[in-house]
Amino acid sequence: MTKKQANAERGPRLDTATVVRTALELLDENGLDALSTRAVADRLGVRMNTVLWHVKTKARLLELMADAVAGEVPLDGLPDAWDARAREIVRRYRRALLAHRDGAALVAGTYPAEPHTLRLAEALVGTLLDGGRTEREAAWTTWTLVYLTLGLTQEEQAAAGRPLADRLAQAVSATTHPALHRTLGHLAAESFAERFEFGLDAVLG
C-alpha cells in the first residue's frame, strides 16, 4: 500500500475513536474471544494495517476499549455523603460493565492509564479520602472495590445461560461437602446484585 492509499483509508471518516467504537460493537455482538483487529478492519472496510496504524496492537486496542467503558460511567449527580457517593460510583461502574458483553473480562485483562479510567479512579479515591481514609487505605480500598466489581461481574456474565448453582448442585454432595451443600441456595443467578451489595458493605462498612 502506498502512503497516499494509506492516507486515503485513514481519511477524515476514520480515527481512533471510530476504531474503538467499532470494536465495542463487535464485542457486544460476538464476545471477547471473537474480537480481533482483522474483524474490526473488516467491519470498517479497511486493511488491517490501517486499524493497527490507529491502535498499534490488539493489546492497545483492548486498553482503549476498557477506557471507553470507564468513560460510560457518569459522575454527575452523586450523593454528598462520602459513603453513599462511593457506593454509587461503584454501582455505576458495575452497570457500565454489564452494558457490554464480556465487559468485565475485557477490563480485567487491561491496565489502562487513560483519561476516562483515571477520571473514574480519581473520583473514587477522592471520595474515600473525603471519608477520612489514609492515602494507603484510599488506594487499597479502591483496588478492593474494583476487584470485587470486576470479579463478580465477570462471573455474572460468564454464568449467563449456565447458572453456577445448577452446576454446583450436580457436583456438591451433602455427605462429602456438607458446608458447601448448606450454602447452595445463596448462589442462585438472581443473587448477583445482592452479593454485590453485600461486598460493598463488607468493604466500606
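Residues numbered from 1 in each chain as written. Predicted model: local features only at pLDDT ≥ 70, side-chain atom pairs only at ≥ 80, totals over all residues. Heavy atoms only, no water.

Looking at an unreviewed UniProt entry, one finds the chain named TetR/AcrR family transcriptional regulator, with Streptomyces bangladeshensis as its source organism.

To continue, consider the pattern of salt bridges. Per the stated rule, a full pass over the model turns up 12 salt bridges. Between Glu29 and Arg43 there is a salt bridge, and its shortest N-O distance comes to 2.7 Å. Here Glu29, found in helix α2 (residues 16–30), pairs with Arg43, found in helix α3 (residues 37–44); they are 14 residues apart in sequence, far enough to count as distant. Classification of Glu29 as partly exposed rests on a relative accessible area of 41%. Residues joined in a network through salt bridges with shared partners are Glu88, Arg91, Arg92, Arg95 and Glu197. (Salt bridge = Lys/Arg side-chain N within 4 Å of Asp/Glu carboxyl O. Helix = DSSP H or I, 4+ residues; strand = E, 2+ residues; numbered from the N terminus. Buried < 20%, exposed > 50% of the residue type's maximum accessible area, 1.4 Å probe, protein only.)

Moving on: the layout of surface pockets. Roughly 560 Å³ of volume is contained in the largest pocket. Every residue lining the largest pocket is counted, 25 residues in all, and those nearest its centre are Tyr93, Thr117, Ala121, Trp143 and Val146. Secondary structure elements with two or more residues in the lining of the largest pocket: α5 (58–70), α6 (82–98), α7 (103–108), α8 (115–130) and α9 (135–158). (1 Å grid on protein atoms, 1.4 Å probe; cavity = no way out; pocket = protein on both sides within 12 Å on 5 of 7 lines; lining within 4 Å. Points joined across faces, edges and corners; volume = space filled by probe spheres on them.)

Where helix α4 (residues 48–55) is concerned, the buried positions are Thr50, Val51, His54 and Val55. One side of α4 holds all its buried residues, which, seen down the axis, span an arc of 120°. (Arc of directions from axis to C-beta.)

Counting across every chain of the model gives 1 aromatic pair. A ring pair is formed by Trp143 and Tyr147, whose centres lie 5.5 Å apart and whose planes are at 25°; its orientation type is stacked. In this pair, Trp143 and Tyr147 are both assigned in helix α9, 4 residues apart and thus about one turn of the helix distant. The ring of Phe196 carries the charged tip of Arg94 above its face, separated from the ring centre by 5.1 Å. (Phe/Tyr/Trp six-rings, centres within 6.5 Å; stacked < 30°, edge-to-face > 60°. Lys NZ or Arg CZ within 6 Å of the ring centre and 35° of its normal.)

The subject of this paragraph is the environment of Leu24. Position of Leu24 among the secondary structure elements: in helix α2. Since its relative accessible area comes to 8%, Leu24 is described here as buried. Sequence separation between Leu24 and Thr134 is 110 residues, and the spatial gap between their C-alpha atoms is 37 Å.

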